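So you can see what is in the structure, the chains are spelled out below.
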Amino acid sequence: MQSNSAKDDSDEMEIIPSEHNGTVHDSKNEDSGDIHRAEENQKSSIDPNLYLYDDDLATRPHISTFISSIANYENTIPAATDPDAKPAAPSARMGTLIGVFLPCIQNIFGVILFIRLTWVVGTAGAVCGFLIVLTCCCVTMLTAISMSAIATNGVVPAGGSYFMISRSLGPEFGGAVGMLFYTGTTLAAAMYIVGAVEIVLTYMAPWASIFGDFTKDADAMYNNFRVYGTLLLIFMGLIVFVGVKFVNKFATVALACVILSIIAVYVGIFDNIHGNEKLYMCVLGNRLLKDIPIENCTKGDPFMLNIYCPDGKCDDYYQANNVTQVKGIKGLASGVFYDNIYPSFLEKGQFISYGKNAVDIENTSGQSYNQIMADITTTFTLLIGIFFPSVTGIMAGSNRSGDLADAQKSIPIGTICAILTTSTVYLSSVLFFAGTVDNLLLRDKFGQSIGGKLVVANIAWPNQWVILIGSFLSTLGAGLQSLTGAPRLLQAIARDEIIPFLAPFAKSSKRGEPTRALLLTIVICQCGILLGNVDLLAPLLSMFFLMCYGFVNLACAVQTLLRTPNWRPRFKFYHWSLSLIGLTLCISVMIMTSWYFALIAMGMAIIIYKYIEYRGAEKEWGDGIRGMALTAARYSLLRLEEGPPHTKNWRPQILVLSKLNDNLLPKYRKIFSFATQLKAGKGLTICVSVIKGDHTKIANKAVDAKSTLRKYMTDEKVKGFCDVLVAQQIGEGLSSVIQTIGLGGMKPNTVIVGWPYSWRQEGRNSWRTFIQTVRTVSACHMALMVPKGINFYPESNHKIGGNIDIWWIVHDGGLLMLLPFLLKQHRTWRNCKLRIFTVAQIEDNSIQMKKDLKTFLYHLRIEADVEVVEMNNSDISAYTYERTLMMEQRNQMLRALGLNKKENSKVGQTIMDFKETSSDNKMSLVQTIVDHHYDATKTASKVRFADPTIEETQNHDSQNDEKRNSIDLDGPEHEDTPESTSNKDESTEKADGDLKSSVKPDEFNVRRMHTAIKLNEVIVEKSQDAQLVIMNLPGPPREVRAERESNCKARIKQLNGRHILTFFQISDMEFLEVLTEGLEKVLMVRGGGREVITIYS
């Protein structure tokens, strides 16, 4: 103690010579002065009224500082940064009109409005067409309401729907929907490009066709679309690559073209209120004809005869019907609206005609001549899918949230107003088109009956070129916007690092452009262009947008129903029922439109979701799915708390107690593999380690140990939780863990603890902790599993064959039957066979026992071989007495000598040679060990004496015996004096004589040793080659142990409260060693006191 104090004093003050003046000074005092002055300076900067919080203000910001940071707040979650990207220039803060309303208008009004809406109205009729448009508009309106609630629940950085969904539903859903939204945006670019090519080739420059007259061959038309679409894609891709500034400037021109085109259409409708005398169609009977000049539209005209009477024999339908000229645009005053009320759905190959008469619509002659036929089969749901891309684009405002002056105000108002405006335009257009244009002309998709003219363009005022040029430029602008936005969306997903294979696309070029993402976008867009048909592209990309919108509604509904504290949207006009209706509409429209396209979109979402779940980076964004999991867990835990689980629902909820070595690494790695192999019961697994020390001082070590424990669990594929406890004593820490771990009905019911292999060498701390743990588990009525030989257990990725032997000595609730069944569910043990052994006494009927056991296993539905082992009552052998004596004298000697770890190991090795010694020399060997080590310790400065329970076995009542036991094994150290040394020498000699005269072992230990030896002989004989031996873990008799412990406590009281280690604890370890001797892999099991398996269904 004095040397330590001197050392401490020298550490506190270090005297060093000064380099300047040669004097000496106290560096510690100087440092203390500096620290003191620094603290004074810091306190001087604190308001005198806040000195009470000086410690807090040193590590936490003052309220004024915090509020200031909030005022300059931009993003809820910082966006991923790219070191290669140039710093962005500060953007102008836009209002609702410029920042949200007009961009949404531009993105919603698209190519479908100009080239397909009239066809949709003519095919579906005014009523069904109105319902189609209304359904699509309802989907977007409900989605906009949900999106407004999410967008106003805090600051939304740029990223639009992807950011909102990912932060609301988690990285798995966010990544899946983000990829769907990216794919939809890319395919939208393909649709816009094909639509632009269709406008040019069909209505502006039909002479540019490469593959001949496409009016007579649909395949030629689609091949033209593919070739010119590819060239246009390359051109637009170069524009996006060279400069986004041009795209942004062109967006203004495209928006102006869209607005002017729509105004021109409305003006034209009212200008042609009485019809248009310049536009006529040629009709044969009820069938619409194409490529017929209006001046030749008479039945007897040679032009007509050459077509329908080429060989002098005329077509039957031509002969039976007249040829008439019909005004295409009749005007609102004509009453044509009533002719367009009902739908006219056709199958592919049927003729376009008035009415539904089979004679008019069916091609009975096999020749089409110049009659216009339906190129696809039309249905109500198909038309929804074709029209739905016309209402997409509602996310344009949220995508620009970073550029808005007040995003939480502008996004809801601007988006909803844009949807109301476009919906009004679409719905009114349906009614106006149905009331202005003849039914046959509405159903003429490509305007072939009027010379290849666009129907909408011929309605507009003052000229059709206003619509043609305006629609082409607006479609081109929408395509450029999609090619610009899609790569940036992909880059945002890649930078979030939730999809590992997208990591290369997170890079930017030197100009800050997502070049790699642009190349991938062009490739995917080219695949869409190769489809070559807007009518195929529109339903496909509708699936992706509908999936995205559906998840926006789901996110809002989940957040609303969970009522999380952070869910406080400024937009108040929402309700979870509206979100669920929107979600239902999205799913319904997907399935009705095209179930196979819907399966493609859903399959893609599921694949990406599972990929992110298993391979993606773990992200914690406070999403609603995790909140929903917490709510479900809370509900389930409260339900489980109502009572203990039924026997049929019992499964091992495993608590693994993992011992750490000096490097804070788990000592037995395969104990985790064993836990994994037992998880066929799908129960809970918690791995816990206990570190000795003060948590305030070694908290960092505990964190590192927990990380290591988690890594071991991940490597061994253990699904569960881990934790590390810091305690002053390992035993007390383990006891606390066993008693308190778990929550409600999910508390562990089974404990796995490793066997202390070096309990002889490490001394009392090892076996004492083990015994204490066993007792605590038993007191908590939990099952216990002790794997011995754990390093020989198989790996989880190995497959073994052989036998699993169950030695069923005591019924423990059926745990011994259940564990091998669970092990066999794992592929490692699946090929093993079960063998069940039970022990019959002399009075038992072994034949009947075997029969009953087979019946029991049959009812348990467990296949196993049964064997009943007969063990006759035999006298206790001399070997058993000698083995017990060796055990008792060894334990007495180790405690009496107070050996260190190295000497303890030598004694253990010497005694292990006892088995190899002949029976005549065994007793002399024990005596030699005692003599040798007593002689070696006579000069020691301190002697430690035996446990008081040893006195009871030796029947010594003398006063010297009490003095010999007066020094505690854990007592404090004292300085040696000559008198004490002399007394110790005399006591040592006395102890030597006592130990030598102790030749009669304790009868209780003899009986237990006898049982261990006999059982071990039988088990080794039957199961030495088994892959695993499962047996009951024997427990101490309660009455004998209670009596002995009470005697021990009385002795402790007599010895001034000093703790004396009990002999029977060491004996337990010896008995277990004897019981499992000669077996490589043993699993000792002790039930928790309840039935865990049943024969009933």
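See the structure above.
Residues numbered from 1 in each chain as written. Predicted model: local features only at pLDDT ≥ 70, side-chain atom pairs only at ≥ 80, totals over all residues. Heavy atoms only, no water.

Trainee: I'm lost on the overall build of the protein in this one. Help?
Mentor: Looking only at helices and strands, the protein features 41 helices and 15 strands. For the protein, with 1097 residues in total, the buried portion stands at 52%. Put simply, of all contacts in the protein between residues at least 6 apart along the chain, 81% involve residues at least 24 apart. About 52700 Å² of surface is accessible on the protein, with carbon and sulfur atoms providing 56% of the total. (Helix = DSSP H or I, 4+ residues; strand = E, 2+ residues; numbered from the N terminus. Buried < 20%, exposed > 50% of the residue type's maximum accessible area, 1.4 Å probe, protein only. Contact = heavy atoms within 4.5 Å. Areas by Shrake-Rupley, 256 points an atom, 1.4 Å probe, with all protein chains shown as cover.)

Trainee: In this structure, what is going on with the state of the cysteines? I would like to understand it.
Mentor: Each disulfide consists of one covalent bond between the sulfur atoms belonging to two cysteines. The full count for this structure, using the stated rule, is two disulfides. Between the sulfur atoms of C282 and its disulfide partner C297 the distance amounts to 2.1 Å. Measuring handedness by torsion sign, the sulfur bridge of C282 and C297 sits at about 95 degrees and is right-handed. One end of the pair, C282, is in strand 3 (residues 280-284); the other, C297, is in the loop between strand 4 (287-288) and helix 12 (302-308), and 15 residues separate them in sequence. The pair formed by C282 and C297 is uniform in burial state, with each residue classed as buried. Sulfur-sulfur distance for the disulfide between C309 and C314 comes to 1.6 Å. (Disulfide = S-S within 2.5 Å.)

Trainee: Even after reading the chapter, I still don't get the environment of I654, so can you show me in this structure?
Mentor: In this fold, I654 is placed in strand 6 (residues 654-657). A residue is classified by how much of its surface remains accessible, and I654, at 0% relative accessible area, is buried. Along the sequence, I654 and K747 sit 93 residues apart, while their C-alpha atoms lie 8.9 Å from each other. With near-sequence residues (within four places) excluded, I654 lies in contact with A675, L678, L684, T685, I686, P748, T750 and I752.

Trainee: Can you walk me through the side chain of E795 in this structure?
Mentor: Among the structural elements, E795 can be located in the loop between strand 10 (783-788) and strand 11 (801-808). Note on E795: relative accessible area 17%, which makes it buried. Apart from the residues lying within four places of it in its own chain, the contact partners of E795 are R669, K670, S673, Q677, E716 and T828.

Trainee: How should I be thinking about the nonpolar core in this particular structure?
Mentor: Grouped together as the largest cluster of nonpolar side chains are 168 residues, with contacts concentrated most on M191, F387, Y426, F433 and I467. Sorting elements by how many residues they give to this core places helix 9 (residues 171-204) first, with 20 residues. Those residues in contact with F387 that sit more than four places away from it in its chain are I112, L117, I132, V133, C136 and Y426. Counting 52 residues, the second largest nonpolar core, distinct from the first, contains L660, V718, V724 and V866. (Core = buried A, V, L, I, M, F, W, Y, C linked by side-chain atoms within 4.5 Å.)

Trainee: Would you mind showing me how to read the packing of aromatic side chains here?
Mentor: In this description, a pair of aromatic rings is defined by centroid distance and the angle of the planes. Overall, the coordinates contain 23 aromatic pairs when judged by the stated rule. A centroid spacing of 5.9 Å and a plane angle of 80 degrees characterise the contact between F181 and F545, whose relative ring orientation is edge-to-face. With F181 in helix 9 and F545 in helix 22 (residues 534-562), this pair connects stretches of sequence that are 364 residues apart. F545 shares its class with F181; the two are buried. On the numbers, 5.9 Å between centres and 85 degrees between planes, the contact of W567 with Y574 is edge-to-face. The two residues W567 and Y574 agree in class, both being buried. Among the aromatic residues, those joined into a ring-pair cluster are F181, F388, F545 and Y549. R287 extends its terminal NZ or CZ atom over the ring of Y317, reaching a point 3.7 Å from the ring centre. Here the guanidinium or amino end of K299 rests over the ring plane of Y318, the centre of that ring lying 5.6 Å away. (Phe/Tyr/Trp six-rings, centres within 6.5 Å; stacked < 30°, edge-to-face > 60°. Lys NZ or Arg CZ within 6 Å of the ring centre and 35° of its normal.)

Trainee: Teacher, can you tell me more about the pairing of strand 7 (residues 685-692) here?
Mentor: A regular strand carries its side chains on alternate faces of the sheet. Of all the eight residues making up strand 7, seven are buried; the element is thus mostly covered by neighbouring parts of the structure. Sheet topology note: the strand 6/strand 7 ladder contains four bridges and is parallel. Directly across from I654, in strand 7, lies its bridge partner T685. Inspection of the sheet shows strand 7 paired to strand 8 (residues 721-727) by seven bridges, in the parallel sense. What sits directly across from V688, in strand 8, is D723. Crossover connection from strand 7 via helix 27 (residues 699-715) to parallel strand 8: handedness right-handed. (Pairing = 2+ DSSP bridges. Right-handed = clockwise from strand over helix to strand, strands pointing away.)

Trainee: How do you make sense of helix 15 (residues 380-387) when you look at a structure like this?
Mentor: Since the α-helix turns once every 3.6 residues, residues separated by three or four places project in the same direction. Here helix 15 lies mainly inside the structure; seven of its eight residues are buried. Regarding helix 15, the residues found buried are T381, L382, L383, I384, G385, I386 and F387. Turning to helix 15, the residues buried within the fold contact helix 6 (111-115), helix 7 (117-151), helix 17 (407-436), helix 22 and helix 23 (576-593).

Trainee: Please clarify how the packing of helix 9 against helix 24 (residues 595-615) should be interpreted in this entry.
Mentor: Angle between the axes and distance between the axes are the two parameters that describe a pair of packed helices. At a closest axis distance of 8 Å, the pairing of helix 9 and helix 24 adopts a crossing angle of 140 degrees. Classified by the angle their axes make, helix 9 and helix 24 are oblique. The two elements helix 9 and helix 24 meet at a crossing, and its hand is right-handed. Across the interface between the two elements, P171, E172, F173, G175, A176, M179, L180 and T183 from helix 9 touch A601, M604, A605, I608, Y609, I612 and E613 from helix 24. Split into classes, the residues belonging to the contact of helix 9 with helix 24 amount to eleven nonpolar, two polar and two charged. (Axes fitted to C-alpha atoms, helices over the stretch in contact; angles between N-to-C directions. Parallel < 35°, antiparallel > 145°, perpendicular 65-115°, else oblique. Left-handed = near helix turned anticlockwise from the far one by under 90°. Nonpolar A, V, L, I, M, F, W, Y, C, P; charged D, E, K, R; others polar.)

Trainee: What is the right way to read the sheet that holds strand 5 (residues 323-327) from this model?
Mentor: In a beta sheet, neighbouring strands pair by backbone hydrogen bonds and run either parallel or antiparallel. What the three strands build is an open sheet, ordered 4-3-5; its pairing is antiparallel. Bordering the open sheet on either side are strand 4 and strand 5, each of which pairs with just one other strand.

Trainee: Looking at this structure, how should I read the sheet that holds strand 10?
Mentor: With respect to topology, ten strands assemble into an open sheet ordered 8-7-6-9-10-15-14-11-12-13, the strand pairing being mixed. Two strands bound the open sheet, and with one partner strand each, they are strand 8 and strand 13 (865-870). Recorded for the sheet is a direction-independent mean angle of 20 degrees between the axes of neighbouring strands. As paired elements, strand 11 and strand 14 (residues 1028-1032) share four bridges and run parallel to each other. Residue pairing for strand 14: I806 is matched across the bridge by I1030. Along the sheet, helix 27 contacts strand 7 and strand 8; its crossing angle with strand 8, the most-contacted strand, is approximately 150 degrees. Sheet contacts for helix 31 (residues 815-824): strand 10, strand 11, strand 12 (831-840), strand 14 and strand 15 (1082-1086); angle to strand 11, the most-contacted strand, approximately 165 degrees.

Trainee: What's the story with a nonpolar patch on the surface in this structure? I'm lost.
Mentor: Where nonpolar side chains cluster on the molecular surface, the patch consists of I210, F211, V227, L231, I234 and L238 and spans about 540 Å² of accessible area. Turning to its location among the elements, I210 is positioned in the loop between helix 9 and helix 10 (218-242). (Patch = residues over 30% accessible without salt bridge, like charges linked within 9 Å, V, L, I, M, F, W, Y side chains within 5 Å. Salt bridge = Lys/Arg side-chain N within 4 Å of Asp/Glu carboxyl O.)

Trainee: Teacher, can you tell me more about helix 9 here?
Mentor: Its 34 residues give helix 9 an end-to-end C-alpha distance of 47 Å, which sits within 8% of 50 Å, the value for a rise of 1.5 Å per residue. Most of helix 9 is tucked away: 32 of the 34 residues are buried. (Expected span 1.5 Å × (residues − 1).)

Trainee: Help me understand the pattern of salt bridges in this model?
Mentor: When the charged atoms of two side chains lie near each other, side chains of opposite charge can form a pair. For the structure shown, the criterion picks out 15 salt bridges. Notably, a salt bridge pairs E716 with R669, separated by 2.5 Å at the nearest N-O pair. Highlighted residues: E716 in the loop between helix 27 and strand 8 and R669 in the loop between strand 6 and helix 26 (670-677), separated in sequence by 47 residues. Here K788 makes a salt bridge to E1073, at a shortest N to O gap of 3.5 Å. With K788 in strand 10 and E1073 in helix 41 (residues 1063-1075), this residue pair connects regions lying 285 residues apart in the sequence.

Trainee: Explanation requested: a positive patch on the surface in the structure shown.
Mentor: A contiguous patch of positive charge on the surface is contributed by K717, K719, K799, R827 and R830. Positionally, K719 belongs in the loop between helix 27 and strand 8. (Lys, Arg positive; Asp, Glu negative; His and termini not counted. Charge placed at Lys NZ, Arg CZ, Asp CG, Glu CD.)

Trainee: Please clarify how the environment of M373 should be interpreted in this entry.
Mentor: Among the secondary structure elements, M373 is positioned in the loop between helix 14 (358-361) and helix 15. Non-local contacts of M373, meaning those with residues more than four positions away in its chain, are made with G349, Q350, F351, I352, N363 and S368.

Trainee: Help me out: how do you make sense of unusual backbone geometry in this one?
Mentor: That bond from W461 to P462 is cis: its omega, 5 degrees, falls within 30 degrees of zero. Of note, P462 is situated in the loop between helix 19 (455-459) and helix 20 (464-495).

Trainee: Got a minute to help me understand the side chain of S390 in this structure?
Mentor: Inspection of the secondary structure puts S390 in the loop between helix 15 and helix 16 (396-399). Among all residues touching S390, those that are not within four sequence positions of it are I108, F109, I112, L113 and Y426.

Trainee: Even after reading the chapter, I still don't get the packing of helix 7 against helix 17, so can you show me in this structure?
Mentor: Interhelical geometry of helix 7 versus helix 17 gives an angle of 175 degrees and a closest axis separation of 9 Å. Here helix 17 runs roughly antiparallel to helix 7, going by the angle between their axes. Taken together, the residues of the contact of helix 7 with helix 17 break down into 22 nonpolar, eight polar and no charged.

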